[in-house]
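Architecture and fold: a report
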Amino acid sequence: MSKPEELERKILHKKLKDVEISIPIVYGNISFWLGKKANEYQSHRWTLYVRGATNEDLGVVIKRAVFQLHSSFNNPTRVIESPPFEITETGWGEFEIVITLYFHHDVCDKPLNLYHNLKLYPEDESGPMSTKKPVVVESYDEIVFPEPSEDFFARVQSHPAVTLPRLPAGFTLPPPVMVEDASKRRRGDTKDHPLSQWFMNFSEADELLQLAAARQQVQAHIAKLKRQISLIDGLHQQLKIPSDP
């Protein structure tokens, strides 16, 4: 590498101290029983994927995803060079899959390994299987990048798939990088994915609603117990009052 190129690389990759960027992701699989089309070797059709927790395009961070399947598959190492990062296959068996994520050069030099156990059959294997209702198994995770480069930060500071930190006082943001084509920016969105109706919801708003509902149930249960205790105390007081002679 020439000295001008090396200098340019250092400028582009200048680190932002005391700052970190978080990328919420979801990875898992959705599998459908093939019903009458099932045979001994192909009983299910399944899709394995890595998606944004809010179904936004992860291509702004992830450059490539590699799915390592069981050795019995043809071409067991599947390389997906652009979003959406997913593969679809048919089979009959469950096994562990290694998913390796490679990031853009200004994000991180080291790849990240994720591990997922492919799930085809429902937990209650004695129950009837359905061709319409799939088995869905997903995991939520957050990839944290400490001290991101300035160009990485500038590129993602307005991207909905990225969680940015509260910046230190006096911190100056790098100028945002404009995406030349809005449709290109949305190419990896999974909002309109044909399987999106089965995706689990990992948004913070949904979690807050669930917590609020659970809190209301607990409070209602506490109020019910208090009424029961008050009633019992009242009965005890009545039993203690002596009868007139």
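What follows deals with the packing of aromatic side chains. In total, this model carries five aromatic pairs according to the counting rule given. Here the aromatic rings of Phe145 and Phe152 are separated by 5.8 Å at their centres, their planes lie at 90 degrees, and the arrangement is edge-to-face. Positioned over the ring face of Tyr102 is Arg64, at 5.3 Å from the centre of the ring.

Turning to the sheet that holds strand E6 (residues 96–103), a few remarks are in order. Spatial strand order, E4-E3-E6-E7: four strands in an open sheet with antiparallel pairing. Edge strands, defined here as strands with exactly one partner in the open sheet, are strand E4 (77–80) and strand E7 (112–117). Neighbour to neighbour, the strand axes of the sheet diverge by 20 degrees on average, direction disregarded. Alignment of E6 against E7, held across six bridges, turns out to be antiparallel. The partner of Glu96 across the bridge, within E7, is Asn117.

Here we come to the pairing of strand E3 (residues 62–68). With six bridges connecting them, E3 and E6 associate as antiparallel partners. Of the residues in E6, the one forming a bridge with Arg64 is Tyr102. Pairing geometry for E3 and E4, over four bridges, is antiparallel. Counted as the bridge partner of Gln68 is Thr77 from E4.

So, how was this worked out
Residues numbered from 1 in each chain as written. Predicted model: local features only at pLDDT ≥ 70, side-chain atom pairs only at ≥ 80, totals over all residues. Heavy atoms only, no water. Phe/Tyr/Trp six-rings, centres within 6.5 Å; stacked < 30°, edge-to-face > 60°. Lys NZ or Arg CZ within 6 Å of the ring centre and 35° of its normal. Pairing = 2+ DSSP bridges. Helix = DSSP H or I, 4+ residues; strand = E, 2+ residues; numbered from the N terminus. Axes fitted to C-alpha atoms, helices over the stretch in contact; angles between N-to-C directions.

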